[in-house]
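Results of the structural survey
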Amino acid sequence: MKSNISAYLITALATGFVSAAPFEQCPSKAFLIQGSPAQMYGVDLVSAKTTVLAASMDFSTETNNDSVNAVGFNYQDQYMYGFSKQAPKSVVRIGDDYVLQRLTVNGLPDTNFYVGDIHVNSETNQAIYYLYHPKFGLYGIDLTEEADEYQAQLVAGSANWNLAIYDFAFHPHSNLLYAVESNGDLYEINLDNQTPTFVANLDIAGDTGANGAGYFDVQGQFYFSNNRSGKIHKVDLSTSPVMGYTPTAAVFTLGPTSNQNDGARCAIAEVKVTDNSIDFGDAPMPYKTALAHSGARHLFDPNEDQSNLVYLGAVVDGENINTQADLQASPVDSSDDGVRFVTDFVAGSTSQIIVTAPNDNGYLYAWFDWDQNFQFDPGEITVNKYRLNQGDNSVLVDVPSDAVMGATWARFRVTDGSEANPITASGGVTGGEVEDYPVTTYGSLVYPSENGWVTLAYEDQWPFAGDYDFNDLVVNYRTKLIEKDGQALGYKIEGELVGIGASYHNGFAVRLVQNSGSNIKRILRSQVNESEISLIINNEVQTHTVLEEGVNEAILIIMPDTWSYVTNQSGCSFFRTENGCYTSDKVSFSLSVSLNAGVSSDNAPKYTLDPFIFGAPGYSHGQFLSGKEPRSWEVHLKNQAPTEKFNQSLFNYPGSDDASNNLFGYYFQSPTGLPWAIEVGAQWAHPKEKVDITHAYSEFKTFAESSGRESTLWFSSAKLENVVLRGE
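First, a word on scope: everything that follows refers to the structure included in this document.

Rules and cut-offs
As a convention, each chain's residues are numbered from 1 in the sequence order in which they are written. Local features in this predicted model are restricted to residues of pLDDT 70 or higher, and side-chain atom pairs are both shown and tallied only at a pLDDT of 80 or more, whereas totals for entire chains, interfaces and linings draw on every residue. As a convention, hydrogens and water are excluded, and side-chain values are obtained from all of the structure's heavy atoms. Secondary structure follows DSSP: runs of H or I at least 4 residues long count as helices, runs of E at least 2 residues long count as strands, and numbering of each begins at the N terminus. The buried label goes to any residue with under 20% of its type's maximum accessible area, the exposed label to any with over 50%, and the partly exposed label to all in between, with areas taken from a 1.4 Å probe on protein chains only. Pairs of N or O atoms are called polar contacts if they sit within 3.5 Å, as long as, within protein, a hydrogen donor faces a hydrogen acceptor (for residues adjacent in sequence, only side-chain-to-side-chain pairs). Contacts between residues were defined by any pair of non-hydrogen atoms, one from each residue, lying within 4.5 Å. Salt bridge criterion: a side-chain nitrogen from Lys or Arg within 4 Å of a carboxyl oxygen from Asp or Glu. One bridge is not enough; two strands pair if DSSP finds at least two bridges between them.

**Quick notes on the environment of Ser-564**
Position of Ser-564 relative to the elements: it lies in the loop between β41 (555–559) and β42 (587–595). Owing to a relative accessible area of 52%, Ser-564 belongs among the exposed residues under this scheme. Residues Ser-564 and Phe-83, 481 residues apart in the sequence, show an inter-C-alpha distance of 75 Å. Looking at Ser-564, its side chain comes within polar contact range of the main-chain oxygen of Asp-561, at 2.7 Å.

Shown next as structure tokens:
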């Protein structure tokens, strides 16, 4: 190798012209040429750090106004070679000063080549520069000996390959050539038999357009760069994939984007970490953490003032992690201090984390391995480019309802947001930090289901029958008990206010009690952590006192007066119960309640709990309640006992239609068993205003009077003209 270079220099000196010197050693960086006029970049594949090596690549005696393409690195003579379409079209040699030198090559067709690489035969030391054009085929130019003129030879049959490729690269230890089409199709080209073979589609969805630069390293790892996204993908081709396995691509790092892109690299150079200026994660195998598996990593300058860096917590430091063995030998990263977990991760719930940032320059990404398949899948991105403010940031995390219970991992990455595309859970970027954390997910008991509802409907004329249209308050409703290791952690109660057909003002509340005959389970007020109650109605945090005062039981006031939360349609007396009055938006609510320690899951109430309506304070609720507190009037589901706030004397009001009996546990039902509140196991079409429920649902009376033993599907046989349909 040295003798060839020396001979060339002697010849050059004799002719009076000296070109640029070759590169001193086989460089580990990748060379990337972009734009017109051509610009040369150096890309550190480990860290994604990009350096401008030449802002404009010119010929020694003329200005280059065009691009250079089809670039390859010849590690026999340590020069790069490419093709310039600036007239006259020619092969060019590039030395360490990045000045272009034209070479005379005979036998090439009059066209522009943008696909090329150099194959060095380790046994013969023969270096051949190959150029490919899908119309004209593959041409080889022997560069082994310095010459005044070179001869190009067409590879037989290559004009029929019809490969839609924009670059290719030679494997350093074989005669195999690899290329990736724009759609992700990987091809292997065997020069021994001049045959391209389709290997696999690498599934690089989202990276459309040309893959304009291809490289290898000495381990037989193949890298290709997408022009549009700048992503550099890595594929393990240490063994020929046509030998029986299907290769896959992973984002290795992020390079610069361009509409024109070509690259080269010394294929016998290693790609590895050489210092501690790169931050890696800590998640164990098989999560992608080490460099060998395209692990998540961030380059930072350890000499820079940390106040100027983007990171999480109080500090960032680096590790030298090339392989899994390096990862196992490395202590846990002490700089992983930027994320605090406020609440547990419960399937189907929203959890809170606190993320600490030293400045306002960071953007947060987070992945959770919810399905515990030991990888951070693209669909598991939970936080996507969230802008961080200096100090503590409260971030909400939605836990999927199908999250697997048990120990798993989460990965947090922060960058300055300058990337052309959102980053992934693996691969390298410049700046920022990655922090991995072990987390645990827990289960929950949901009623009726994660995405389903029951409907609650109330009559507010109790203890009188009234119009019995069951639309004075209509609510879609579901509950969730959150539990961990046999302990009840809290509740989440969600719903939406669907209709109000009442002239009276009613409040809506839920008591944490479960009445199963003689087995009553209840939560006391003292068992609720009042400081961690959160109530959101129509996306607004509520400030009224939710946990009712002056009682022993845990009673949660969701809406003190339901009328104050709705916007009635113009010309309508009620909310979504009259003909032509169905366009007003429903009112959504979400209540989260944490319990103090010591409540076992077995003793915690479940399912419907006790949702009820009560008289809104400050409003009249009929003559029979004159002189009494409106709050002392309640309506519950059939046979659910009232709360401590209820005025027991109302059970004996003269002339009422109620047949409640404390002795037998009968509550809120008529002498024939008809209720004043019902729960329907579906999103229910409630009766229109002044339509008796027995006229809207002919089987309801049979169902109620039989205590639910007969006509169990009464709610599915509505008279459509008498009900408010779900789509209305």
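**Structural notes on the environment of Asp-217**
Here Asp-217 lies in the loop between β16 (211–216) and β17 (221–226). For Asp-217, a relative accessible area of 2% gives the class buried. Expressed as a C-alpha distance, the spacing of Asp-217 and Val-271, which sit 54 residues apart in the sequence, is 6.5 Å. Residues contacting Asp-217, with those up to four places away along its chain left out, are Pro-172, Tyr-223, Arg-265, Ala-267, Ala-269 and Val-271. Polar side-chain contacts of Asp-217 include one of 3.0 Å to the backbone nitrogen of Gln-219.

**Here's the deal with the side chain of Ser-229**
In this structure, Ser-229 sits in the loop between β17 and β18 (231–236). Among the polar contacts made by the side chain of Ser-229, one reaches the main-chain amide nitrogen of Lys-231 at a distance of 3.1 Å.

**Overview of unusual backbone geometry**
The residue after Ser-36, namely Pro-37, is reached through a cis peptide bond having omega 5 degrees. With respect to the helices, strands and loops of the structure, Pro-37 is situated in the loop between β1 (30–34) and β2 (39–43). For the bond from Ala-87 to Pro-88, the omega torsion is -5 degrees, close enough to zero to count as cis. Note that Pro-88 resides in the loop between β5 (79–84) and β6 (90–94). Even without being a glycine, Gln-194 presents a positive backbone phi close to 50 degrees. Position of Gln-194 among the secondary structure elements: in the loop between β14 (185–190) and β15 (195–201). Judged by its relative accessible area of 30%, Gln-194 is partly exposed. The phi dihedral of Ser-294 is positive, around 55 degrees, even though this residue is not glycine. You can see Ser-294 is positioned in the loop between β21 (278–280) and β22 (297–299).

**Re the pattern of salt bridges**
Between side chains of opposite charge, a pair can form when the charged atoms approach closely. Tallying each qualifying case throughout the model produces 15 salt bridges. Linking Arg-631 and Glu-634 is a salt bridge whose minimum nitrogen-to-oxygen distance equals 2.7 Å. For Glu-634, a relative accessible area of 0% puts it in the buried group. When salt bridges that share partners are traced, they join Arg-511, Arg-522, Glu-553 and Asp-610 into one network.

**So, the pairing of strand β36 (residues 506–511)**
Along any regular strand, the residues point their side chains to alternate faces of the sheet. Among the six residues in β36, six count as buried, and that is most of the element. Alternating positions in β36 separate into two faces, Asn-506, Phe-508 and Val-510 on one and Gly-507, Ala-509 and Arg-511 on the other, with burial throughout. With six bridges connecting them, β36 and strand β43 (residues 610–615) associate as antiparallel partners. Its bridge partner being in β43, Arg-511 is matched across the sheet by Asp-610. Bridge count for β36 against β41 is four bridges, and the pairing is antiparallel. Of the residues in β41, the one forming a bridge with Phe-508 is Met-559.

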